[in-house]
Amino acid sequence: MLKNMFRKLFDWGKEPKPYPESRPYTSSSGGRRRRSIPHPIRRTYIPLAVMEATDRFMRGPHVERYVWWGGYFTKDGDAQVTTAVCADTSTRYGTVHLTASQLQVLQLKLRALDQVLIAELHTHPPGAGGQNEVDAAHPAATYRGFITIVVPDFAQPYFYDLSECYVYEYLDNLRWRELPDQEIRDRFVIEEPGVSVRL
C-alpha cells in the first residue's frame, strides 16, 4: 500500500507531485454533530492549516468572500475547528449575499463532514470597519457563543492574526459582543499543523 502511494506521489527522477488536497478515504460518522453546544464555550482551537486555507480563498479579486469554519465541541466545553468551508459563489465589491438554498448547501456539506458551524467569516473592503447592521441582523447561527469574524481590507496582505480582525460573540436576540484583542488571543488558540524538533 505504501509503495503504491509513493509511486503515485513520485515519478522517480522527476519533481514530486503536490500533496493531495482531499482526504484519501471517507470514514463513518462519529456523531460529532449530536454533541450539545456548551455554555460558555471556553476556547476555540484552530489549526494554522485552516487559517491558511481561509486566507487562500479570501485573498483574490477585490470582492467579499464568505467562509464557514466547521468543527465540533468537546466534552470539556471547547470548540475544535477542523475545516474551512468556502462559499464559492459570485460576490461584488463590499457585498456578499447568499440565498437560503445556498446556505442549505453549506449546511449539507457540514452534515456530510459530521461537523457543526463554529464560526462564520467574511471580508470587508478597506475602511469599512467591522460588523454592520446587515451583518448583525443575519447570522448564520443563533446559538449563544456563536462567533462571527469580519476580516478587514479584503484579507490583505494576508489573513493570519485574528486579533487584527473584528471578532463578535452572539449573545441573544440579534445582540452581539465585540471581543477585545487580549480576549481574542486568550480564547482562540492557533495550532501549528507540524513542527520539526531538532534532536
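Residues numbered from 1 in each chain as written. Predicted model: local features only at pLDDT ≥ 70, side-chain atom pairs only at ≥ 80, totals over all residues. Heavy atoms only, no water.

A.B. asks: Is there a simple way to think about the nonpolar core in this case?
C.D. replies: Nonpolar side chains in soluble globular proteins tend to end up buried together. If you look at the biggest cluster of nonpolar residues, it comprises 43 residues, and the most contacted ones within it are Trp69, Ile149, Phe159 and Leu162. Secondary-structure elements contributing two or more residues to this core are helix H2 (48-58), strand S2 (66-73), strand S3 (79-86), helix H3 (100-112), strand S4 (116-123), strand S5 (147-151) and strand S6 (166-172). (Core = buried A, V, L, I, M, F, W, Y, C linked by side-chain atoms within 4.5 Å. Buried < 20%, exposed > 50% of the residue type's maximum accessible area, 1.4 Å probe, protein only. Helix = DSSP H or I, 4+ residues; strand = E, 2+ residues; numbered from the N terminus.)

A.B. asks: I'm lost on H2 in this one. Help?
C.D. replies: Counting along an α-helix, one turn takes 3.6 residues, and residues three or four places apart therefore face a common direction. Of all the residues in H2, the buried ones are Val50, Met51, Thr54, Asp55, Phe57 and Met58. The buried residues of H2 occupy an angular sector of 165° when the element is viewed end-on, so they sit on one face. (Arc of directions from axis to C-beta.)

A.B. asks: Would you mind going over H3 with me for this structure?
C.D. replies: Across its 13 residues, H3 extends 18 Å between first and last C-alpha, which sits within 8% of the 18 Å expected from 1.5 Å per residue. Positive phi appears at aspartate 114, one or two residues downstream of H3, with a value of about 60°. (Expected span 1.5 Å × (residues − 1).)

A.B. asks: How should the side chain of glutamine 115 be read in this particular structure?
C.D. replies: Within the element layout of this structure, glutamine 115 appears in the loop between H3 and S4. For glutamine 115, a relative accessible area of 5% translates into the label buried. Within polar-contact distance, the side chain of glutamine 115 engages the backbone nitrogen of glycine 71 at 3.3 Å. Of note is the side chain of glutamine 115, whose polar atom sits 3.0 Å from the side chain of threonine 82. What glutamine 115 contacts, discounting residues up to four positions off in sequence, is Arg32, Arg33, Gly70, Gly71, Thr82, Thr83 and Leu110. (Polar contact = N/O pair within 3.5 Å; in protein donor to acceptor, adjacent residues only side chain to side chain. Contact = heavy atoms within 4.5 Å.)

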